[in-house]
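Chain by chain, the residues:
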Amino acid sequence: MRYTPVIGLEVHIELSTKSKMFCGCLADHFAKKPNTQTCPICLGLPGALPFPNKLAIEDTIKLGLAFNCNINRFSKFDRKHYFYPDLPKGYQISQYDLPLCVNGQYVLSSGKKVGISRIHLEEDTGKLIHQIVNGKRVSLIDFNRSGVALVEMVTAPDFHDVSDAVEFLKETQTIVRYLGVSGADMEKGSMRLEANLSLADESIDLSKGELPNYKVELKNINSFRFLEKAVKAEIERQSTLLEAGEAVLQETRGYDETKNTTFSQRSKEDAKDYRYFPEPDIPPLRFTDEEIEKIKSSLPEMPSDKRKRYVEVFGLPMNYATILASDITRAEYFERAVFIGSKHNVGPKTVADLMVNKYLDSEYDDPESLVKKIVELTKKEYASAKEVQEAIEEVIREQEKAVNDYRNGKGAVVGFLIGMTQKKLKGRGDPKMVMNRLISYLNSVVK
Amino acid sequence: MTMDIPSTINETRYGLLSKKYKVVDLINAYLAKIARYDGEINSFITVCEENAYKGAKKADALISELGEKAFQDYPLLGCVVAHKDVFITEGIRTTAASKVLDSYVPCYSATAVKRLDDAGAICIGKLNCDAWAHGSSGENSQFGATKNPWNLEYVPGGSSSGSGAALAADFCLLSTGTDTCGSVRLPSNYCGVVGLKPTYGAISRYGVIAMASSLDTVGPMAKTVEDVEMMFKVLSGPDAKDATIASVKYQSKSSSFKIGIPKEFFGEGLDDEVRNNLDSVIQIYKKLGVDFVDVSLPSTKYAISVYYVIQPAEVSSNLARYDGIRYGNSRDAFGDEAKRRIMLGTYVLSSGYYDAYYLKAMKVRTLIRKEVSVVFEKVDAVIAPVAPTPPFKIGAKANDPLQMYLTDIYAATANLSGIPSIAIPSGFTKNGLPLGFQLMGPRFSESLLFDLGKKYHKEISYKPSVAKL
Amino acid sequence: MASIKISDIRHIAKLANLSLSKSQESRFFTQINSVIEHINVLCEVDTSNVEPTSQTTGLENIYREDNVDAISMLKSNQVTSGTDKIYNNFFVVDMILSEKI
């Protein structure tokens, strides 16, 4: 039997706001002393109340717009209840039925479309470390991360090939960085991945929106590479089961990097029952079309548009465009260098080539000095002044008619004579030098 | 030395300015009275002598330095206040009258506490209440029931039981309470003091242990309407820590008041003494030229049911943070009532029941709000009893939660619709137990309610009375 | 609307992270049922085309700017003052074996 993988993704992104989502505590928690960036609100002390961070809401809307989502004009926060020691209030302030962004779409490089079901805003939990202390197996809790603004993006189960999923995730990381809303750093945990996966046999018509009657969630995956491996391993496991006529259990599984297999993470026998209800401590959110338009107009050019422009306008090959556009700082550097280069007869291709293959941009902090360097480098290959002079004199001797025209006031022939000179030099003439010397020699001849 | 304890802010100020006594003398007098009588009444969970003397020293210094001007800067200077033990107080144990928090000492203070402190009030202690503010009688405290100073066999009303009892016993001049469904008004009514359940969104809830967040309000309590009004001025207004507070200019009117009498509040089950007392109050107002019209709030009969869906749901959520990890004891320390409400609330929110209970209740809540706003298109205020009966005996409803819940039947409307309501004392039963009434107004009509309350008390030459102990 | 079964009581207790004694289970079973019976009157109210009220403030879009409020951040001895189960400034619980649901 042939099976088609059905893959959906869930991406968590910690926003890089200065303060947390619902309190004024410092949000940057990476490698800080435990429990030093907390207050009554993010510690869930009795009596504390949340107060939402405006920037985090705007950042989430930006992300939604970048993925072509509809922004719900009326939105709200909800409480999501479960007990876990890293969740200090016993509920997480999240969004349930009216998330900020819904129904987005992303087009893969192959032209395939991926639906974005929703993007919502919530608060992060504390961090647990499992350890043995004085011979006792304990979990240690640090609440520095508790309450940091966290965005959750959920895609439709539209991926049928793991490489598409990886492309999408990499692009998501790039877009998030373009927007400047998060470092989206997998190692620091500011971008976290989950996938859900099932296999459809031929009886299921995916084109009609039919789906397998189960899905397995893959959690705790901390790099794109591991996601790819975990999904592949899980596809293997599921198809073996299905081929043997067994059902695949709906469950959550982790990925064991050393064994390259997924393993069951038994959750509590009680199924999820989060008992959502609208957060009474936070008034609802309402946006006007003008507000959304204003945010939309503040978005930078998206990486896909940049790549397209690099290919179509600058004439770069797609692989160059992709590399340069993958990092917005580098892309901006490149564009600035192209602009400066245009005044020094240095083309986009030359700049791109030296950046992509020689990493010259890493040696020069600003594009100005990079272009200066490029000019110097390319000069070395110009013909010498002596060669240029000889070529010019030869051309003047040969093109009597043109010289006569010049004498009679037809300045336009200079261009023709430059072209002839460059032809003799096989294009190696420094254009400035060729022009200057040609004109002064012409003038001395026609005097 | 014994001294007459002043019963209003003005009397206190007059005594201090005329050097009849110093703040420290006041503290001595209050503490002596607490020490002598509170063993039996049980209105305090924690008395903070040290804090009170520290405040007194500061206040006395200010008065001797600045004289009258000190009272301009600190409108409540030298006024002794006690807080319901759900108000978070930095450095002073805060228990919510529950064993879960029996030794919890907070590291921050509620906005309300800070505002009273900043206005010069002096905190003398933390008051008993029904645990987590769950109750209508004060019997549900895990620190023992509070008794009614007017008759120790009777309940003082809850959940802010200590807040009513301490005022009636002259253990403090001012107190704070919380009202989620009558918890300020009922003890005010049963103890013969004035209590305001403000508009939802008028006074910051930050630092007040949450019961049901969409219904909870912070209420000032004192012996006169004037003093409650003064406290309201200090407490109300926007707070950068509570996103539900509105910025409002409170306004009253000068003449032609119209008060509605909602027939649903005067029906079956209303005690005769309560009814007759209300009639006499209405007669007084009529004498003052106030017009009365009959109005109807037909959905009132559903109010308690709506309340007993929404409230436990929010309780189950708000009490989820008490896991004993960061502070307090484990969840096993919750008493029966808290556990019962957590269970009920978890049930109505759980998968498969949310629409039938919680969503349904939120919709009926909309109907109640709409009826209320229609009524206030016609009248300035609505008059009603606070509770169906005068204070009842301790133990009378203890084993029947549903009967206890029905005590709040006249309270729920104000909380569900977010409107203010003031409880005003209006006499005594033949057995010498306090009687009173409530006036409800549209949202943010506190000034008007204060004016109506003051008019009534002025007309009957009201003098606050203190229970004989 | 339905009444509640004793098995529901156990399920709810689990969701609510409460451990109940046998006597509490049976007491709550009776009491909660009588409250539910009372609130079942809500069934009779016609609420078609009625929007739910989740709060009464009428406020919308109440935000704070993204500024750090260092004054409200607690000192680490304040953070850990509520319990003695502290190790290297971490809160300590018995090792959590079950995964988050």
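Peer 1: Quick one: what's the story with the overall build of chain A, residue by residue and with numbers?
Peer 2: For chain A, the helix and strand inventory stands at 13 helices and 16 strands. Compactness check: chain A gives a C-alpha radius of gyration of 31 Å against a globular reference of 22 Å for 447 residues, more than 25% above the reference. Over its C-alpha atoms, taken along the principal directions, chain A stretches across nearly 100 × 55 × 55 Å. Per-residue burial over chain A gives 55% buried out of 447 residues. When contacts within chain A are restricted to residue pairs at least 6 apart in sequence, those whose partners lie at least 24 apart make up 69%. For chain A, the computed accessible surface area is about 20800 Å², with 50% contributed by carbon and sulfur atoms. Taken as two groups, the 64 positive and 65 negative side-chain charges of chain A have centres that lie 5 Å from each other.

Peer 1: Would you mind going over the sheet that holds strand β3 (residues 122-127) of chain B in detail, with residue names and values included?
Peer 2: All names here are of chain B. Strand order in the open sheet made by the 11 strands is β1-β3-β2-β4-β6-β5-β10-β11-β9-β7-β8, with mixed pairing throughout. Here the strands that pair on one side only, and so sit at the sheet edges, are β1 (44-47) and β8 (291-295). Direction aside, the axes of adjacent strands within the sheet are offset by 30° on average. In the sheet, strand β7 (residues 258-262) pairs with strand β9 (residues 381-384) via two bridges, with the strands oriented parallel. Across the sheet, the residue bridging to Ile259 is Ala381, located in β9. Taken strand by strand, helix α2 (residues 23-41) contacts β1, β2 (80-84) and β3, and its axis lies near 15° from that of β3. In the packing of helix α12 (residues 355-378) onto the sheet, contacts are made with β7, β8, β9 and β11 (434-440), and the angle to β9 comes to roughly 110°.

Peer 1: Describe in detail the interface of chain C and chain A, supporting the description with residues and values.
Peer 2: The interface is formed by 38 residues belonging to chain C together with 65 residues belonging to chain A. When the two sides are added together, the surface that chain C and chain A hide from each other amounts to roughly 4800 Å², 60% of it contributed by carbon and sulfur. Scanning the region where chain C abuts chain A turns up three salt bridges. Its salt-bridge partner being Glu65(C), residue Lys54(A) comes within 4.0 Å of it at the nearest N-O pair. Our count for the contact surface shared by chain C and chain A stands at 23 residue pairs in polar contact (both at pLDDT 80 or more). Among the secondary structure elements, those contributing two or more residues to the side of chain C that touches chain A are α1 (6-15), α3 (76-79) and β2 (90-94) of chain C. It is β2(C) that provides the largest number of residues to the side of chain C that touches chain A, a total of five residues.

Peer 1: Tell me what's going on with the pattern of salt bridges, and back it up with residues and numbers.
Peer 2: Within the structure shown, the criterion is met by 48 salt bridges over all chains. Residue Glu335(A) is joined to Lys306(A) by a salt bridge in which the shortest nitrogen-to-oxygen separation is 2.9 Å. Taken together, the residues span a long stretch of sequence, with Glu335(A) in helix α7 (residues 328-342) and Lys306(A) in helix α5 (residues 303-312) at a distance of 29 residues. By relative accessible area, which is 5% here, Lys306(A) ends up buried. In this structure, Lys454(B) engages Asp451(B) in a salt bridge whose closest nitrogen and oxygen atoms are separated by 3.7 Å. One end of the pair, Lys454(B), and the other, Asp451(B), are both in helix α15 (residues 446-459), three residues apart, so they sit about a helical turn from each other. One continuous salt-bridge network, built from bridges that share partners, spans Arg79(A), Glu279(A), Asp281(A), Arg205(B) and Asp242(B).

Peer 1: Which residues make up the pairing of β2(C), and what values do they have?
Peer 2: Most of β2(C) sits out of view: four of its five residues are buried. Summarising the sheet, strand β9 (residues 136-142) of chain A and β2(C) pair through four bridges and their orientation is antiparallel. By the bridge assignment for β2(C), Ile141(A) is matched with Phe91(C). Inspection of the sheet shows strand β1 (residues 86-87) of chain C paired to β2(C) by two bridges, in the antiparallel sense. Looking at the pairing, Tyr87(C) lines up with Phe90(C) of β2(C). The turn linking β1(C) back onto β2(C) is made up of two residues, and Asn88(C) within it adopts a positive phi angle of 50°.

Peer 1: Hey, could you go over the packing of aromatic side chains for me, with residue numbers and the actual values?
Peer 2: Going through the model one piece at a time under the given rule, you end up with 35 aromatic pairs over all chains. For the ring pair Tyr274(A) and Tyr276(A), a centre distance of 6.0 Å and an interplane angle of 80° mean the geometry is edge-to-face. In terms of burial, Tyr274(A) and Tyr276(A) fall into one category: buried. Aromatic ring contacts, followed pair by pair, group Tyr104(B), Trp132(B), Tyr322(B), Tyr327(B) and Phe334(B) into a single cluster. Lys99(B) extends its terminal NZ or CZ atom over the ring of Phe143(B), reaching a point 4.5 Å from the ring centre.

Peer 1: Describe the packing of helix α1 (residues 54-66) of chain A against helix α4 (residues 289-297) of chain A, listing the residues and the values that go with them.
Peer 2: Residue and element names in this part refer to chain A. Following both chains from N to C, one finds α1 and α4 inclined at 75°, their axes separated by 10 Å at the closest point. If you check the angle between α1 and α4, you find them roughly perpendicular. Residue-level contacts link Glu58, Ile61, Lys62 and Leu65 of α1 to Ile292, Ile295 and Lys296 of α4. Of the residues that constitute the contact of α1 with α4, the class distribution is four nonpolar, no polar and three charged.

Peer 1: Could you give an account of the sheet that holds strand β4 (residues 78-81) of chain A, naming the residues involved and the relevant values?
Peer 2: Residues and elements named next belong to chain A. Here we have three strands laid out as an open sheet, ordered β5-β4-β15, and antiparallel in their pairing. The sheet terminates laterally at β5 (91-94) and β15 (277-278), the two strands that pair on one side only. The sheet contact formed by β4 and β15 spans two bridges and is antiparallel. Residue Asp78 lies in a different strand from β15, and its bridge partner there is Pro278.

Peer 1: Tell me about the interface of chain B and chain C, and please be specific about residues and values.
Peer 2: Listed as interface residues are 52 residues of chain B and, on the opposing side, 50 residues of chain C. Between chain B and chain C, a total of about 4500 Å² is buried, with carbon and sulfur atoms accounting for 66% of that surface. Linking chain B with chain C are two salt bridges, by the criterion used here. Where Arg27(C) meets Asp336(B), a salt bridge forms, and the shortest distance between an N and an O atom there is 2.4 Å. At the boundary of chain B and chain C, one finds 19 residue pairs in polar contact (both at pLDDT 80 or more). Secondary-structure elements contributing two or more residues to the side of chain B that touches chain C are α10 (300-318), α11 (336-349), α12, α13 (401-406) and α14 (412-417) of chain B.

Peer 1: Break down the domain arrangement of chain A for me, citing the residues and quoting the values.
Peer 2: Each assigned domain of chain A is listed here: domain 1 (4-293), domain 2 (301-379) and domain 3 (385-446). A C-alpha centroid distance of 68 Å is found between domain 1 of chain A and domain 3 of chain A.

Reading guide: rules and limits
Every chain is numbered on its own, with residues counted from 1 as its sequence reads. Note on labels: chains are lettered from A, ligands numbered from 1, in written order. Reporting of local features is limited, given that this is a predicted model, to residues whose pLDDT is at least 70; pairs of side-chain atoms are given and counted only at 80 or more, and all residues count toward the totals for whole chains, interfaces and linings. Side-chain metrics in this entry use all non-hydrogen atoms of the structure; hydrogen atoms and water are not considered. For the purposes of this entry, the term helix denotes a DSSP run of H or I that reaches at least four residues, the term strand denotes a run of E that reaches at least two, and both are numbered from the N terminus. For the radius of gyration, the atom set is restricted to C-alpha positions; the globular benchmark scales as 2.2 Å times the number of residues to the power 0.38. Exposure is judged per residue with a 1.4 Å probe applied to protein chains only, and the accessible area is read against the type maximum: over 50% gives exposed, under 20% gives buried, and values in between give partly exposed. In what follows, residue pairs with any heavy atoms lying within 4.5 Å of each other are defined as contacts. Surface exposure here means Shrake-Rupley accessible area, sampled with a 1.4 Å probe, where a residue is shielded only by the protein chains that are shown. The convention is simple: Lys and Arg are positive, Asp and Glu are negative, and His and the chain ends are not counted. By convention, charge coordinates are those of NZ in Lys, CZ in Arg, CG in Asp, or CD in Glu. A pair of strands is labelled paired if DSSP reports no fewer than 2 bridges between them. Note on definitions: angles span 0 to 180 degrees between N-to-C directions of axes, and those axes are lines fitted to C-alpha atoms, for helices only across the stretch in contact. By buried area we mean how much accessible surface two parts lose on assembly, using a 1.4 Å probe and totalling the loss over both. Only one rule defines a salt bridge in this text: a Lys or Arg side-chain nitrogen within 4 Å of an Asp or Glu carboxyl oxygen. Under this definition, polar contacts are N or O atom pairs within 3.5 Å; protein pairs additionally need one hydrogen-donor-capable and one acceptor-capable atom, and for neighbouring residues in sequence, both atoms have to be side-chain atoms. Any pair of Phe, Tyr and Trp rings, taking the six-membered ring for Trp, is counted once the centres come within 6.5 Å. Such a pair is stacked with planes under 30 degrees apart, edge-to-face with planes over 60 apart, and tilted for the rest. Look at NZ for Lys and CZ for Arg. If either is within 6 Å of the ring centre and within 35 degrees of the ring normal, a charge sits over the ring. An angle counts as roughly parallel when it lies under 35 degrees, as roughly antiparallel when it exceeds 145, as roughly perpendicular when it falls between 65 and 115, and as oblique in every other case. Any residue that is not Ala, Val, Leu, Ile, Met, Phe, Trp, Tyr, Cys, Pro, Asp, Glu, Lys or Arg is counted as polar, Gly included; the first ten are nonpolar and the last four charged. Annotation comment: domain bounds sourced from an automatic or database domain assignment.

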